[in-house]
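One letter stands for each residue in the lines below.
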Amino acid sequence: MSETLVPKPISLSRRRFMTGTVSAAAVAPLLPPKAEAEEVAASRSKLREPVVTSLRINRQAYELSLDTRTSLLDALRDHVGLTGTKKGCDHGQCGACTVLVDGKRVLSCLSFAVMMQGKDVTTVEGLASRDGALHPMQQAFIDHDAFQCGYCTPGQILSAIGCVNEGHAGSEADIREYMSGNICRCAAYPNIVAAIVQARDETGRA
Ligand code: FES
Ligand code: FES
């Protein structure tokens, strides 16, 4: 017959419990020593010191004094004053903040501004030529009524240019797939696809 194993009750007096707690705390202190704590605080406050950051946006040079944690999106909107790039979520889910960095699509809410030094950033404000002529993708969006409220539109247009340049606009199915990172609450999707097809054909790229 098998014996049932019953765990023995642990008898722990309040006094022993307190003694044990105190001695454990003595072995592994929860708080770092004062000097260490001061060092941590000093390095944290150093992180918050502004850093001079050189950016090139829409073919123009900018020197900004930024907290290193500033996103490219916030640098564009709050420090440069280019508010065309939109913040829909601030954590990489909506695509409203899409810009081009060295010609490639980038979510500016997930990029630190300091990472962009030495690169070319293009926002919606930099697409039209100096004489005001619209970029073919901007014109195509107007021609096809590819927006309603317009909040997602700057991101859609930059993303559409990236999509065509990458060679991902060969078919409407491809366009839908490679534009799926840009959300439009007004559901202008069919018109956006039509606009991209027009701009693709005009620029001769697919
Ligand atoms: S604001 Fe960047 S993805 Fe939504
Ligand atoms: S046009 Fe309104 S969210 Fe796209």
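Residues numbered from 1 in each chain as written. Chains lettered and ligands numbered in written order. Predicted model: local features only at pLDDT ≥ 70, side-chain atom pairs only at ≥ 80, totals over all residues. Heavy atoms only, no water.

**Here we look at the sheet that holds strand β5 (residues 120-122)**
Two strands in a sheet stick together by hydrogen bonds in their backbones, pointing the same way (parallel) or opposite ways (antiparallel).
Item 1. Taken in spatial order, the five strands make up an open sheet running β2-β1-β5-β3-β4, and their pairing is mixed. Where the open sheet ends on each side, the last strands, each with one partner, are β2 (60-66) and β4 (104-107). The sheet shows a mean angle of 40° between the axes of neighbouring strands, direction not considered.
Item 2. Relative to β2, helix α3 (residues 72-80) is tilted by about 95°, and along the sheet it contacts β1 (51-57), β2, β3 (98-101) and β5.
Item 3. Its contacts with the sheet put helix α5 (residues 153-165) on β3, β4 and β5, and the angle it makes with β3 is roughly 40°. (Pairing = 2+ DSSP bridges. Helix = DSSP H or I, 4+ residues; strand = E, 2+ residues; numbered from the N terminus. Axes fitted to C-alpha atoms, helices over the stretch in contact; angles between N-to-C directions. Contact = heavy atoms within 4.5 Å.)

**A look at the pairing of β1**
Item 1. Here β1 pairs with β2 via seven bridges, running antiparallel. Counterpart to serine 54 in the pairing with β2 is glutamate 63.
Item 2. Both β1 and β5 contribute to a ladder of two bridges, which runs parallel. Residue pairing across strands places arginine 56 opposite aspartate 120, the latter belonging to β5.

**Things to note about the pattern of salt bridges**
Item 1. Inspection of the entire model under this criterion finds seven salt bridges.
Item 2. Among the salt bridges present, the one from aspartate 120 reaches arginine 56, with a minimum N-O distance of 3.1 Å. Placement of aspartate 120 in strand β5 and of arginine 56 in strand β1 is noted, with a sequence separation of 64 residues between them.
Item 3. Between lysine 87 and aspartate 90 there is a salt bridge whose closest N-O contact spans 3.6 Å. (Salt bridge = Lys/Arg side-chain N within 4 Å of Asp/Glu carboxyl O.)

**So, unusual backbone geometry**
Most of the time, phi is negative for any residue but glycine, and the peptide bond is trans.
Item 1. Even without being glycine, aspartate 90 reaches a positive phi, approximately 70°.
Item 2. With a phi close to 55°, aspartate 145 is a non-glycine residue in the positive phi region.
Item 3. Mapping aspartate 145 onto the fold places it in the loop between α4 (136-143) and α5.

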